[in-house]
Amino acid sequence: MNSFYANKSSRTLRLGDVVSGFVTAIPTQDEPITKSFVNYNVEVKLPSYLVVLTPCCSIKEKTISLAPLVEAKRKPFFKNKNYREDMTLLNQPHLPNEWRELGEEVSSDSDGEAIYAYDTLFIYAEDPRLPKYPVKIPIEGKKFEEFEAGYYFIDFRNISKVKCSCIAHEEEKKPNYEDLLLKMLSSKILEISIDARADLRNKLAYYYLRVPKEDLIEQS
């Protein structure tokens, strides 16, 4: 599990980094705005932790994509002892029969094809720099099992674009790049390992590459 995070942090921001200090905004509206006015509002938040979802080489031009990193308090996760021991199992594809052995109910047209479970989520392993939180799981009747956990996750459906003057890349050759870099790195809390970054990249690609059934029907 320790291999989930890098032993040494890079002197830049990278895909998958855990950061703090950035504001996100989520607009909500009743319907599309066409000719008439429609009620809408913008919810502004300052999450404690966020994850960088911009590819490493594209972290520049004062722009970055971020997803809030939230506590993995979902009961099905902790009721499954396999996940309690290593919830990052959910970050990799497995054969359907392997998922069933892990206690996950999956359906697949091909038992010989590796698939993802919870394909919108990516799990972050426990680390002392991420605070633990209480978990309460019902076990039988009115009895509960209570313990502390430190797993977190991001949801690919909750990505925001943020503009910040300190987001820069050395290729931009800005005269004050070193000053900008120090400010940018002050937001960095954790860097994930090369293997974990590959898992994130692969699952993120899978999320966007899914082909809807309607398209498959039209192509046949």
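Model, not experiment: these values are computed from the prediction.

### Re the overall build of the chain
Helix and strand content of the chain: six helices and 12 strands. For the chain, the spread of C-alpha atoms along the three principal axes comes to 60 × 50 × 40 Å. Sorting the 220 residues of the chain into buried and exposed places 39% on the buried side. Within the chain, contacts between residues at least 6 apart in sequence are counted, and of these 67% link residues at least 24 apart. Distance between charge centroids for the chain: 6 Å, based on 31 positive and 34 negative side chains.

### Observations concerning the packing of aromatic side chains
This model, assessed by the stated rule, comprises 12 aromatic pairs. Here the aromatic rings of Phe-4 and Tyr-5 are separated by 4.9 Å at their centres, their planes lie at 75°, and the arrangement is edge-to-face. The two residues Phe-4 and Tyr-5 agree in class, both being buried. Taking 5.3 Å as the distance between ring centres and 75° as the angle between the ring planes, the aromatic pair formed by Phe-4 and Tyr-124 counts as edge-to-face.

### Things to note about the sheet that holds strand 10 (residues 152–155)
Strands sit in the order 6-10-7 across an open sheet of three strands; the sheet is antiparallel. Taken across any chain shown, the strands that pair with only one partner, and hence form the sheet edges, are strand 6 (70–71) and strand 7 (121–124). Pairing of strand 7 with strand 10, which is carried by four bridges, proceeds in the antiparallel orientation. Each residue of the ladder has a partner; that of Leu-121, found in strand 10, is Asp-155. The strands that helix 5 (residues 194–209) touches are strand 7 and strand 10; relative to strand 7, the one it contacts most, it runs at about 165°.

About the cut-offs
- Residues numbered from 1 in each chain as written.
- Predicted model: local features only at pLDDT ≥ 70, side-chain atom pairs only at ≥ 80, totals over all residues.
- Heavy atoms only, no water.
- Helix = DSSP H or I, 4+ residues; strand = E, 2+ residues; numbered from the N terminus.
- Buried < 20%, exposed > 50% of the residue type's maximum accessible area, 1.4 Å probe, protein only.
- Contact = heavy atoms within 4.5 Å.
- Lys, Arg positive; Asp, Glu negative; His and termini not counted.
- Charge placed at Lys NZ, Arg CZ, Asp CG, Glu CD.
- Phe/Tyr/Trp six-rings, centres within 6.5 Å; stacked < 30°, edge-to-face > 60°.
- Pairing = 2+ DSSP bridges.
- Axes fitted to C-alpha atoms, helices over the stretch in contact; angles between N-to-C directions.

In short, the description is geometric, and any link to function would need to be established separately.
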